[in-house]
Amino acid sequence: MPMPALAGGRQGAEELRPLVQLVLDALTEGARRRGGPVPRGGPAAVAAGVDEALGEAMPRDGRGERESLHTLVRMLAEGAADPAEPFCAAHLHCPPLAVAAAADLAASALNPSLDSWDQAPAAGELEIRVTRALAALVFPDLPAPDALVTTGGTESNQLALLLARERAAGGPRVQVVCGASAHHSVLRAAWLLGLPHPMVVDTPTGVLDPAAVAGALDELPVRALVVATAGTTDTGAIDPLRQIAAVTSHYGAELHVDAAYGGPLLFSRRESGKLDGLQSAVSVSLDLHKLGWQPVAAGLLAVPDSAALRPLEHQADYLNAGDDTDAGLPDLLGRSLRTSRRPDVLKVAVTLRALGREGMAALVDAVCDRARDLAAKVEQHPDLVLYGQPTISTVLFRPRAADDEAVAELRRRLLYGGRAVFGRARADGRLWLKATLLNPYLRPEDLDALLQLATEGITAR
Ligand SMILES: *Cc1c(COP(=O)(O)O)cnc(C)c1O
C-alpha cells in the first residue's frame, strides 16, 4: 500500500482534489439513501447501519483511502440528522452555508494552530481583526471592544464566569444570579470554577423579571454576576436586557448576557432592537453555529475592552517566550484557555466577506419571518395550539387533543420514522413540540407539511 499523501504543502491541494470529489459523491449518495431529515428506524437501526459499514474500527491492514472515505462518509450522511432538510427543526443546530464548509476544508488542510505565532502567522492576525469587527457589533459605541473565539456558548459562559471570578479575586466570591430559563452551562460553569451554586430566580413568564432580580440582589451582601439570556433554549425568549442592566448597575453588580442564540440578531437592523441593553454587559456570549450558519464550532465571547481579557494571559516558554514577545512576535496564548486551536475564524471571515452584514441580516430576517409564518399557521389550525408569538425563530405548539405523554410519543414516532425532527420544551407546566427554524429557505408548503406531521395520529382522548 502506498504511503498516505499529506493535505498541505505545494502538492497537497492536488492530492486532496480527487478525495474531495469522492467525499462529495459519498455525501450525495448518503443523503439520497437517507431520503429524509433523519434515518428511519431509530437508534437500533442506526447502530446496525454503523456496524455494517464500519466492521472493525481498526483493522490490522488498512482498507485504503478511497474505500474508507466513501464507506464512512456515505454511512455518516445516510445516518445524519440533516438540518438542511425542511423537517429537521428541533434544535439550535443550523444548516451550515456551503461557503463556510468549503472554507473549513482549508482550515483542516493548512492546520494553523492558534497557540503561537509561528504556527499560525496569518490566521492569528485574521482572528484579531474579525473578532474585533464582531465585538464592535455588540459594543458599537466603545473604542476597543474585543472578542475571543470559543467552541460555543458553553465555553463562552465558562470564560465569562472565570473573568468575573478573577475581577473579584482577593474579595468575596462572586455569586451568580440567573433565571430558571438560563442555559444549563451557566450552572456547570459555576460548579467547574468553584463558585457558589447560582441563585436561580424563578421565571414563570419565561423571562427574567427585573423586580425579581432586584429582590435577589437586595438579599446579597456582595459581588454578584447577573446572567441574562437573549434567546432561551426552550422558547427563544429574550430577557428584558435594558431593565435588568439598570437593576444590576443599581446594585453594583455586573451583567453577563448569554446571547448564544439571539446575539446574531445584531446583524439585522430590523431585529437588533430586541437586544437593546446588551451594551451594558461586561461580557456577551454569541454563537455563529446557530443563527450564523457556520459549521460547529463558531462561538464568541465579546467584551467591552481588550483589557478585560488580561486575566487569561499566560506564559509558556515554548509558545510565547518573553524575549520573543519583546522582539515583536505576537502572543496568542492569552486568547483562549485551549492550547492547540483550530482557525475557526476562517469560515466566519469568509462568510462575512461573502455575504456582508446585509447578507447575514437577510438570513436572520428570513428565519424570523418563517417563524412568524409558522406561528400564524398554527393559530389558524383547528387542531393545534400555539404557545406564544416567537421572539426569534422558535415556535412552540401542540396538538389540541394531546396530553404530555401523547406529545412525547408523537415526537419519538416522527423521529424513529425518519419523518421529522421536532424538539420538546416544557413551558407553562406542559410539554410542547418545538420547531427551531434555522433554515432560511423553508417554503410555505414546507411549513404546512410540518404542521400536518404534527397532527398525525393524534386522536382526542
Ligand atoms: C446553545 C446555547 C448555549 C451552549 O452553546 P454551545 O455552543 O452548545 O456550547 C448556551 N446558552 C444558550 C442560550 C444557548 O442557546
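Residues numbered from 1 in each chain as written. Predicted model: local features only at pLDDT ≥ 70, side-chain atom pairs only at ≥ 80, totals over all residues. Heavy atoms only, no water.

For the protein, an unreviewed UniProt entry supplies the name Pyridoxal phosphate-dependent decarboxylase family protein and the organism Streptomyces polygonati. Word for word, the UniProt comment on the protein under Sequence similarities (unreviewed entry) is "Belongs to the group II decarboxylase family." According to the UniProt record, the Cofactor (unreviewed entry) comment for the protein is "pyridoxal 5'-phosphate". (UniProt positions renumbered as here; feature names shortened; annotations may be inferred.)

Undergrad: What's the story with the sheet that holds strand β11 (residues 430–436) in this structure? I'm lost.
TA: Strand-to-strand pairing in sheets goes through backbone hydrogen bonds, with the strands running parallel or antiparallel. Overall, antiparallel pairing links the four strands, which are arranged β8-β9-β11-β10 in an open sheet. At either end of the open sheet lies a strand with only one pairing partner, and these are β8 (384–386) and β10 (423–427). Here the strands of the sheet are splayed against their neighbours by 40° on average, with no regard to which way each runs. Bridge count for β8 against strand β9 (residues 394–399) is three bridges, and the pairing is antiparallel. Within the sheet, the bridge partner assigned to V385 lies in β9 and is R398. The sheet contacts of helix α13 (residues 404–416) involve β9, β10 and β11, and relative to β11 the element is tilted by about 30°. (Pairing = 2+ DSSP bridges. Helix = DSSP H or I, 4+ residues; strand = E, 2+ residues; numbered from the N terminus. Axes fitted to C-alpha atoms, helices over the stretch in contact; angles between N-to-C directions. Contact = heavy atoms within 4.5 Å.)

Undergrad: What should I look at first to understand the pairing of β10 in this one?
TA: Consecutive side chains of a regular strand alternate in pointing toward one face of the sheet and then the other. Of the two faces of β10, the one lined by G423, A425 and A427 is fully buried and the one lined by R424 and R426 carries no buried residue. Linking β10 back to β11 in an antiparallel pair, the connection comprises two residues, with D428 at a positive phi of about 55°. (Buried < 20%, exposed > 50% of the residue type's maximum accessible area, 1.4 Å probe, protein only.)

Undergrad: Would you take a moment to explain the state of the cysteines for this structure?
TA: Each disulfide consists of a covalent bond between the sulfur atoms of two cysteine residues. Inspection of the entire model under this criterion finds zero disulfides. Of the cysteine sulfurs around C88, a residue in no disulfide, the closest is that of C94, at 11 Å. Using a relative accessible area of 5% as the deciding quantity, one classes C94 as buried. (Disulfide = S-S within 2.5 Å.)

Undergrad: Just checking my understanding: could you explain the sheet that holds strand β5 (residues 254–258) for this structure?
TA: Overall, mixed pairing links the seven strands, which are arranged β1-β7-β6-β5-β4-β2-β3 in an open sheet. Each having just a single partner strand, β1 (146–150) and β3 (199–201) make up the two edges of the open sheet. Direction aside, the axes of adjacent strands within the sheet are offset by 20° on average. Across three bridges, the pairing between β5 and strand β6 (residues 283–287) is parallel. Across the sheet, the residue bridging to D258 is S285, located in β6. Running over the sheet, helix α5 (residues 121–138) touches β1, β6 and β7 (299–303) and is turned about 115° from β1. Where helix α6 (residues 153–167) meets the sheet, its contacts fall on β1, β2 (175–179), β4 (224–229), β5, β6 and β7, and the angle it forms with β7 comes to roughly 30°.

Undergrad: Just checking my understanding: could you explain the site of the ligand for this structure?
TA: If you check the shell around the ligand, you find 16 residues, and the closest are T154, D258, D287, H289 and K290. Between the ligand and G153, the relevant distance is 3.0 Å, taken from an oxygen atom to a main-chain nitrogen or oxygen of the residue. Take H289: an N or O atom from its side chain is 2.7 Å from an oxygen atom of the ligand. Surface burial for the ligand is 85%, taken as the share of its 380 Å² of free accessible area covered by protein chains. (Near = heavy atom within 4 Å. Polar contact = N/O pair within 3.5 Å; in protein donor to acceptor, adjacent residues only side chain to side chain. Areas by Shrake-Rupley, 256 points an atom, 1.4 Å probe, with all protein chains shown as cover.)

Undergrad: I'm lost on the environment of H256 in this one. Help?
TA: Mapping H256 onto the fold places it in strand β5. Note: C-alpha distance between H256 and T229 (27 residues apart in sequence) is 8.6 Å. Residues contacting H256, with those up to four places away along its chain left out, are N157, A160, L225, V226, V227, A228, S283, V284, S285 and L301. Within the local environment of H256, its side chain forms a polar contact with the side chain of N157, the two groups lying 3.0 Å apart. Polar side-chain contacts of H256 include one of 2.8 Å to the side chain of S283.

Undergrad: Looking at this model, I keep getting lost on the pairing of β4. Mind explaining?
TA: Most of β4 sits inside the fold, with six of its six residues counted as buried. The sheet contact formed by β2 and β4 spans four bridges and is parallel. Within the sheet, the bridge partner assigned to C178 lies in β4 and is V227. Bridge analysis of β4 against β5 gives five bridges, and the strand direction is parallel.

Undergrad: Sorry, what's going on with the domain arrangement of the protein here?
TA: Interface size, as often reported, equals the accessible area lost upon joining of the parts. Along its sequence, the protein is organised into domain 1 (12–82) and domain 2 (106–354). Inter-centroid distance (C-alpha atoms) of domain 1 to domain 2 is 36 Å. (Domains from an automatic or database assignment.)

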